[in-house]
Structure formats: structure tokens, C-alpha cells
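What follows is the residue order along each chain.
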Amino acid sequence: MSTLKEIVWIPTPEDVVEMVCFGQSDGFRKYVRDECYNRIVSQFEKHSSEKGIKTTGFYYLIQANAT
């Protein structure tokens, strides 16, 4: 088993919305835009740097041999 660490910069508030809404219904997308977008932008501006928001993901790679 190996642990993989990935650092990703999310450059804009719009990209945050796209991540939140990925794979969701059109109704949910509209709800997020109507009800949450301004708060997303506010938090993004509060915590972002010139590159955007830094996120860190950890993944576990499990290798097995068939017997």
C-alpha cells in the first residue's frame, strides 16, 4: 500500500462551484448558484492567495497479486 499526496490549486470561485456541482442535477446547480454563490465567493476571497485556494488530497494505492 502506498499513500499518494496531491496538491491542487483551485483558481476561481467558479471552479469551486463546478466541483460542488459535479455530477449533480440542473436543479441542484441552480440552487447553488441562487443560494450559495455569494457565500462561496466571499469565503474564496477571504482565504485565497494569488494562485487561488490550495487543496490537498490523499489517495491510497493498494496493489495485490492474483493467486
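Residues numbered from 1 in each chain as written. Predicted model: local features only at pLDDT ≥ 70, side-chain atom pairs only at ≥ 80, totals over all residues. Heavy atoms only, no water.

A. Representation of the nonpolar core in the model. Counting residues in hydrophobic clusters, the biggest one holds five residues: V17, C21, V32, C36 and I40. Of all the elements in the fold, those that place two or more residues in this core are α1 (13-21) and α2 (26-47). At three residues, α2 tops the list of elements feeding residues into this core. I40 has contacts with P13, V16, V17 and V32, leaving out every residue within four places of it along the chain. (Core = buried A, V, L, I, M, F, W, Y, C linked by side-chain atoms within 4.5 Å. Buried < 20%, exposed > 50% of the residue type's maximum accessible area, 1.4 Å probe, protein only. Helix = DSSP H or I, 4+ residues; strand = E, 2+ residues; numbered from the N terminus. Contact = heavy atoms within 4.5 Å.)

B. Structural context of the pattern of salt bridges. According to the stated counting rule, one finds four salt bridges in the structure shown. Among the charged side chains, a network of salt bridges with common partners joins E14, E18, R29 and R33. (Salt bridge = Lys/Arg side-chain N within 4 Å of Asp/Glu carboxyl O.)

C. Here's a closer look at α2. In the structure, α2 departs most strongly from a straight axis at C36, where the bend amounts to approximately 65°. Regarding α2, the residues found buried are V32, C36, I40, V41 and F44. Against β1 (2-10), α1 and β2 (53-61) lie the buried residues of α2. (Bend = angle between axes of the 7 residues up to and from the residue.)

D. Broad picture of the packing of α1 against α2. Where α1 meets α2, the axes come as close as 9 Å, and the angle between the chain directions of the two elements is 140°. By the criterion of interaxial angle, the relationship of α1 to α2 is oblique. α2 is crossed by α1, and the crossing has right-handed handedness. Side by side, α1 and α2 meet where P13, E14, V16, V17, E18, V20 and C21 of the first sit next to F28, R29, V32, R33, Y37, I40, V41 and F44 of the second. (Axes fitted to C-alpha atoms, helices over the stretch in contact; angles between N-to-C directions. Parallel < 35°, antiparallel > 145°, perpendicular 65-115°, else oblique. Left-handed = near helix turned anticlockwise from the far one by under 90°.)

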